[in-house]
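Residue-level structural notes
Below, each chain spelled out in residue letters.
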Amino acid sequence: MSSDAARPLEDSGPEPIRAPLFAMAVEDFEDDRRHVVLDLGRAREGTVALFSGYRCRLDVVDLPAKLGDLPDVDEEGGPEAVERWLDGLLPPTQGESVDLVLCWNLLNYLPAGVIEALGRRLAERASPQARLHALIEYRATRMPAVPASYAPVGLELVDDPPEGDPATVAAPRYSPKELEKRLPGFTSEKTMLLGNGMQEYLYRR
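Procedures and definitions
Residues numbered from 1 in each chain as written. Predicted model: local features only at pLDDT ≥ 70, side-chain atom pairs only at ≥ 80, totals over all residues. Heavy atoms only, no water. Helix = DSSP H or I, 4+ residues; strand = E, 2+ residues; numbered from the N terminus. Rg over C-alpha atoms; globule rule 2.2 N^0.38 Å. Buried < 20%, exposed > 50% of the residue type's maximum accessible area, 1.4 Å probe, protein only. Contact = heavy atoms within 4.5 Å. Areas by Shrake-Rupley, 256 points an atom, 1.4 Å probe, with all protein chains shown as cover. Pairing = 2+ DSSP bridges. Expected span 1.5 Å × (residues − 1). Salt bridge = Lys/Arg side-chain N within 4 Å of Asp/Glu carboxyl O. Phe/Tyr/Trp six-rings, centres within 6.5 Å; stacked < 30°, edge-to-face > 60°.

**Describing the overall build of the protein**
- Assigned secondary structure in the protein consists of five helices and eleven strands.
- Against the 2.2 N^0.38 benchmark of 17 Å for 205 residues, the protein shows a C-alpha radius of gyration of 16 Å, consistent with a compact globule.
- The C-alpha extent of the protein, read off along each of the three principal axes, is 45 × 45 × 30 Å.
- For the protein, the proportion of its 205 residues judged to be buried stands at 47%.
- Contacts spanning at least 24 positions in sequence make up 74% of the contacts within the protein whose residues lie at least 6 apart.
- Per element, the accessible surface of the protein, about 9700 Å² overall, is 47% carbon and sulfur.

**Some remarks on the sheet that holds strand E7 (residues 149–153)**
- The sheet built from three strands is open, its strands ordered E1-E8-E7 with antiparallel pairing. Of all strands in the sheet, those with a lone pairing partner are strand E1 (17–18) and E7, marking the two edges.

**A short note on helix H4 (residues 112–125)**
- The end-to-end C-alpha separation of H4 is 20 Å, in line with the 20 Å expected for 14 residues at 1.5 Å each.
- Every buried residue belonging to H4 is among Val114, Ile115, Ala117, Leu118, Gly119, Arg121, Leu122, Ala123 and Arg125, and all of these are buried.
- Contact partners of the buried residues in H4: strand E2 (35–39), helix H3 (78–89), strand E4 (98–104), strand E5 (126–137) and helix H5 (176–182).

**Regarding the pattern of salt bridges**
- Tallying each qualifying case throughout the model produces 13 salt bridges.
- The partner of Arg34 in a salt bridge is Glu96, with the nearest N and O atoms 2.5 Å apart. Highlighted residues: Arg34 in the loop between helix H1 (20–27) and E2 and Glu96 in the loop between H3 and E4, separated in sequence by 62 residues.
- The partly exposed category is assigned to Glu96, whose relative accessible area is 23%.

**Structural notes on the packing of aromatic side chains**
- One pass over the structure, following the stated rule, counts five aromatic pairs.
- Geometrically, the ring pair formed by Phe29 and Phe51 is tilted, given 6.0 Å between the ring centres and 55 degrees between the ring planes. Of this pair, Phe29 sits in the loop between H1 and E2 while Phe51 is found in helix H2 (residues 45–51), placing the two residues 22 residues apart along the sequence. Of the two residues, Phe29 and Phe51, neither departs from the other in class, the shared state being buried.
- When the ring of Tyr201 is compared with that of Tyr203, the centres are 6.1 Å apart and the planes differ by 70 degrees; the resulting orientation is edge-to-face.
- Accessibility expressed as a relative area gives 0% for Tyr203, which makes it buried.
- Here a set of aromatic residues connected by ring pairs shows up, and it is made of Phe29, Phe51 and Tyr54.

The values are spatial; any link to function lies outside them.
Next up, the structure:
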């Protein structure tokens, strides 16, 4: 199992959120087959602890921390520049296909064209049975300008919002079908409204 240095969960913080689709995706790891998990969020102790209980490899790529370097997809040559940017950040495949992609709330912070570029790169790495999990702003019209970090507590999730009174930006509130259109090679499997007002999405290769 490989990851960056994991950030521990705080002893006191928000109550865990039930995330049934996340639990469903992880519970499918209850077989003897080796799995590969690609975490596109911040390295967290809870994520490492959870997947340490399975026969799997965990790769962590902190894309939210790199958003300041994201090329402008709308400029001439932008899509190709975004794909090169992603190629420089995504880990080597080491001859293995990815079985589960954890996007957390990242897609809320990506323009549609960037999601398409990311979707193409993920589809190239995905196994035939791969799933992609995401949390999308649903009720809120605005969201923190800096992405919160999510981590598992068992099969539930907790968020670690930015400290202080953060600036906000408009939430894109992507629909399941819109994201499916932007994620080539993936199809919407199930969606569910969570207790924190976010929509949980699960896509299948």
